[in-house]
Amino acid sequence: MRSRTLKRFFTHILRTPVPDVLGFVALLAALGLLFAYNTAALGYRWQWHRVLRFIFTIRDGGFVPGPLLTGLGVTLRVVAASLVLSILIALVTALFRLSRSLLAQTIARVYLEVIRNTPLIVQLFFTYFVVAPLVGMDGWTAAILALSLFEGAYASEIIRGGITSLPAGQWEAAYSTGLGRRDALRFVVLPQAFRRILPPLVGQAVSLIKDSALVSTIAIYDLTMSGQVIVARTFLAFEIWFVVALIYLVITVTLSASVSVLRHKLLGKYEYHY
Amino acid sequence: MSTTIDKDDKDDKDDKEPIIHVRNVVKTFGNGVRALDGVSIDIGRREVVVVVGPSGSGKSTFLRCLNGLETADSGEIVIDGIPLDHNRKNRLEIRKEAGMVFQQFNLFPHMTVGRNIDLAQIRVRGASTEEARRNTCELLTKVGLEDRVDAYPAQLSGGQQQRVAIARALALRPRVMLFDEATSALDPEMIGEVLDVMRDLAREGMTMVVVTHEMGFAREVGDRAVFIDEGRFIEIGPAAEVFDNAKEERTREFLSKVL
Amino acid sequence: MIGPYASHQRRFFSPLDVVLLALLAAMVVWLGPGLIRAGEYRWNWSVIWRYMVRYDPVSDRMRPNVLLNGFFTTIRLSIWSGVVAMIIGLVMGVLASRRRLLARLVTRTYVEFARNTPPLVLVFLFYYFLGQQITAILGLEQWVAAMDPRTARIVTILAAPPRQLPAFVSAVATLGIFEGAYLTEIVRAGIQSVPKGQWEAGYALGLSSRDRYRFVVLPQAWRVVLPAAVGQFISIIKDSSIVAVISIPELTFQGLEVMAATYRTFEIWITIALMYFLLSSICSWGARGIERRLARHVAR
Ligand SMILES: Nc1ncnc2c1ncn2[C@@H]1O[C@H](COP(=O)(O)OP(=O)(O)OP(=O)(O)O)[C@@H](O)[C@H]1O
Ligand SMILES: [Mg+2]
């Protein structure tokens with residue numbers, strides 16, 4: 001009698017997520033231990049207590065941001081500026097590609113090919129070392145320009161894809177009910193495209209944040225650069241890089257999570273099979 | 001393909017005058033497929049013409065040419081006195097004159113049923129929101145869906161969606177309705193409700209071109225039937241005659257397979 | 001001006017063209033001084049040529065110099081990283097498509113971690129650690145020390161000169177882990193693109209779970225996976241430039257080196273950009289070919 005209830009209890013537990021979650025936690029712990037053990041075996045001295053002061057300090061009862069937070073501020077400013085500029089570039093490029101003008105299409109195509117077939121880091125160097133001295137730009141402008149041009153190319157493809165991926169039947173129905181091209185675009189195509197575009201566009205913003213770390217290579221003191229400077233001075237390599245990664249993760253994961261919420265909000269009510 | 005029609009033709013809009021005039025229309029696709037190989041037909045007012053034929057024979061292409069979704073390579077198409085040519089105004093006019101119902105419904109999924117039907121009235125005919133909505137409700141009553149104005153397409157069954165699509169196509173009070181296999185994407189138990197709506201329309205005197213695989217319905221509602229194969233109209237005649245004793249061997253062969 | 005019916009009214013000279021031409025003119029004016037300066041700049045392309053190939057008096061032949069060697073290193077680095085990433089992607093992708101929560105937790109964590117952290121930070125984080133671990137585990141150092149010259153030559157051609165091998169291997173591992181996350185998603189999407197009926201048919205036939213993957217699902221998923229994977233390989237080529245920050249002598253790093261040695265900034269970055277462009281374009285051209293062939297297969 002007792003044993004049967006116990007058995008039922010266990011089979012019930014086995015069907016809940018509990019064993020999986022426990023297994024997952026155990027796996028993470030094992031990985032962490034392995035990592036700690038191996039680094040220690042290599043002679044690495046973990047000194048987590050020295051890390052906090054690089055994030056912030058309390059002096060005279062006041063909050064003083066450390067170099068990591070200052071770097072984060074720079075990262076956020078670069079990202080904000082590039083985000084605005086890249087969306088502008090993306091919109092114009094998408095419209096160019098969808099337009100009837102051969103000239104506009106050619107300009108957009110060449111721009112996209114160049115950006116998509118070279119690494120961002122080379123584009124940054126190119127902007128910083130070649131373009132900037134020619135037109136008299138400072139490092140900041142060069143960084144923001146290069147980042148925006150890079151992300152703008154990918155974002156423009158997202159926008160174009162959102163518009164062209166709409167089933168032809170939607171255009172045809174709009175057309176058959178007598179709507180003109182502009183009305184079809186405005187009332188039928190764009191509202192639907194927008195809902196498809198927004199989630200991947202936020203994803204592209206996550207990429208922008210990640211890619212912004214590369215501006216450290218042209219001497220912008222962003223979060224990554226601050227990390228490099230601290231590591232060079234203190235040799236706290238693992239601690240600092242873990243903290244830096246964590247800061248990036250918090251921001252990007254929050255954004256990514258908001259995407260899935262957004263997707264539900266935007267599509268939930270009329271998930272539709274064309 | 002652009003045509004001018006004789007002046008007296010245009011003024012004289014009596015019942016005998018065909019409302020749809022198709023002459024030697026050829027349509028070739030980019031891949032070399034000749035979907036329409038010189039078809040001609042005149043369709044009178046209040047006439048219901050059913051188009052039957054095997055898959056890939058050009059039925060959809062024929063309908064799509066009628067309202068300008070496809071541009072024919074040559075030949076002439078005139079709808080209610082308006083030639084379908086490269087003139088933008090004429091094309092728009094024809095789209096208002098001809099409503100179209102698709103196999104896949106093609107409702108706008110981001111708008112409520114009501115908005116789906118309002119849209120063209122407001123944007124094309126310049127109706128006010130209230131005016132449009134009043135008309136919309138009337139149309140929805142006609143198709144038996146007056147209580148679903150605020151539903152989204154995704155919340156409706158296939159049959160209901162198709163009835164909304166018919167109401168939407170009727171919103172601009174077209175003179176001609178084109179149906180492209182309106183029931184082919186529906187579950188069997190929903191086919192009836194859509195056919196009922198179409199039957200009512202025919203009874204009210206709407207000019208209709210109906211592509212369908214529902215042979216019973218075609219024989220019952222059609223005034224004339226067209227059998228099309230490989231882009232050609234093989235046989236045109238009174239529906240009963242075509243269905244019961246077709247002249248052409250190919251028609252008989254096709255009908256014996258589907259009936 | 002947008003949409004499938006654009007062809008009804010194609011115009012060769014639209015208002016947009018006028019605006020564009022005006023903008024282009026404005027741009028030329030804005031860039032004018034810079035362009036004039038560029039015109040006055042004493043271009044010296046022979047420097048680039050010298051760093052591309054050098055004369056080797058021993059063999060009396062031209063041999064690739066640092067830039068070209070960097071180019072080859074980039075290719076080798078990308079291929080090996082691609083292989084590692086594909087293996088990770090296959091394993092994790094299949095796991096990610098399972099119903100078991102543990103499998104999904106593990107793969108999601110990996111994917112989200114790798115995709116939401118800047119690759120540059122991942123490189124800093126993993127490079128030293130992985131470098132030391134892998135070297136230790138594979139016994140790379142001893143192997144390199146004991147290597148005979150012929151093996152050394154083969155290793156140099158396939159991967160990197162023996163002395164640089166540990167660094168090369170850990171760069172490959174870092175890139176592989178990072179890109180593996182994207183391939184995981186590609187493989188998962190490919191598996192999930194196979195209609196449910198296919199699983200059920202396999203199940204009804206009595207196939208084991210492994211056989212269902214092997215004979216029914218993966219062969220069909222392949223058609224979705226392959227084009228996307230080739231596209232990801234192009235990303236790997238571009239992303240491999242990041243390891244320049246840890247002194248792997250690939251193309252971007254060599255560019256920085258040559259710039260430090262010669263100060264021919266303009267020529268160098270134009271050349272490096274062109275070399276990447278060439279490599280990447282060739283690959284996307286190949287990718288399109290593959291896609292077209294697969295599409296033909298499916299359309300049949
Ligand atoms: N956009 C297109 N591009 C190329 N070929 C096309 C296109 N649309 C139709 N076709 C071809 O034209 C021919 C006629 O097609 P259509 O769709 O008119 O046939 P249908 O009679 O409506 O067939 P179904 O009963 O299957 O709907 C077919 O061979 C088809 O493959
Ligand atoms: Mg059809």
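Residues numbered from 1 in each chain as written. Chains lettered and ligands numbered in written order. Predicted model: local features only at pLDDT ≥ 70, side-chain atom pairs only at ≥ 80, totals over all residues. Heavy atoms only, no water.

Time to look at empty space enclosed by the protein. One pass over the structure, following the stated rule, counts two cavities of 30 Å³ or more. Put simply, the largest cavity is a space of about 50 Å³. If you trace the largest cavity, you find it lined by Ser176 and Thr177 of chain A together with Arg95, Lys96, Ala98, Gly99, Met100, Arg168, Ala169 and Leu172 of chain B. Residue assignment for the lining of the largest cavity shows that the elements contributing at least two residues are helix H3 (88–97), strand S6 (98–101) and helix H6 (158–170) of chain B. Considering each element in turn, the lining of the largest cavity owes the most residues, three residues, to S6 of chain B. Looking at the lining of the largest cavity, its residues break down into four nonpolar, three polar and three charged. In this model, the second largest cavity occupies a volume close to 30 Å³. For the second largest cavity, the full set of lining residues is Ala182, Thr183, Leu195, Met198, Val210, Val211, Thr212 and Phe217 of chain B. Elements with a minimum of two residues in the lining of the second largest cavity: helix H7 (188–203) and strand S8 (207–211) of chain B. (1 Å grid on protein atoms, 1.4 Å probe; cavity = no way out; pocket = protein on both sides within 12 Å on 5 of 7 lines; lining within 4 Å. Points joined across faces, edges and corners; volume = space filled by probe spheres on them. Helix = DSSP H or I, 4+ residues; strand = E, 2+ residues; numbered from the N terminus. Nonpolar A, V, L, I, M, F, W, Y, C, P; charged D, E, K, R; others polar.)

Glancing now at the domain arrangement of chain A. Residues and elements named next belong to chain A. When the domains of chain A are assigned, the result is domain 1 (2–45) and domain 2 (74–248). Averaged C-alpha coordinates put domain 1 and domain 2 at centres separated by 41 Å. Buried surface at the junction of domain 1 and domain 2, summed over both partners, amounts to about 350 Å²; 69% is from carbon and sulfur atoms. Taken together, domain 1 and domain 2 are joined by zero residue pairs in polar contact (both at pLDDT 80 or more). Looking at the side of domain 1 that touches domain 2 residue by residue, the classes come out as two nonpolar, one polar and one charged. (Domains from an automatic or database assignment. Buried area = accessible area lost by both parts, 1.4 Å probe. Polar contact = N/O pair within 3.5 Å; in protein donor to acceptor, adjacent residues only side chain to side chain.)

The next thing to look at is the interface of chain C and chain A. Of the residues lining the interface, 59 residues belong to chain C; the matching set on chain A comes to 59 residues. Summed over both sides, the interface between chain C and chain A buries roughly 5,500 Å², with carbon and sulfur atoms accounting for 73% of that surface. On inspection of chain C and its partner chain A, the count reaches one salt bridge. With a closest N to O distance of 2.8 Å, Asp20 of chain A and Arg100 of chain C form a salt bridge. Here chain C and chain A share nine residue pairs in polar contact (both at pLDDT 80 or more) between them. The set of elements that each furnish at least two residues to the side of chain C that touches chain A consists of helix H1 (15–40), helix H4 (101–116), helix H5 (119–138), helix H11 (251–262) and helix H12 (265–299) of chain C. Looking at the side of chain C that touches chain A element by element, the count peaks at eleven residues for H12 of chain C. (Contact = heavy atoms within 4.5 Å. Salt bridge = Lys/Arg side-chain N within 4 Å of Asp/Glu carboxyl O.)

Residues and elements named next belong to chain B. Their axes nearest at 9 Å, the elements helix H4 (residues 113–123) and helix H5 (residues 129–142) cross at an angle of 125°. Here H5 runs oblique to H4, going by the angle between their axes. The handedness of the crossing between H4 and H5 is right-handed. Here Val113, Gly114, Arg115, Ile117, Asp118, Gln121 and Ile122 of H4 come into contact with H5, specifically with Thr129, Ala132, Arg133, Asn135, Thr136, Leu139 and Leu140. (Axes fitted to C-alpha atoms, helices over the stretch in contact; angles between N-to-C directions. Parallel < 35°, antiparallel > 145°, perpendicular 65-115°, else oblique. Left-handed = near helix turned anticlockwise from the far one by under 90°.)

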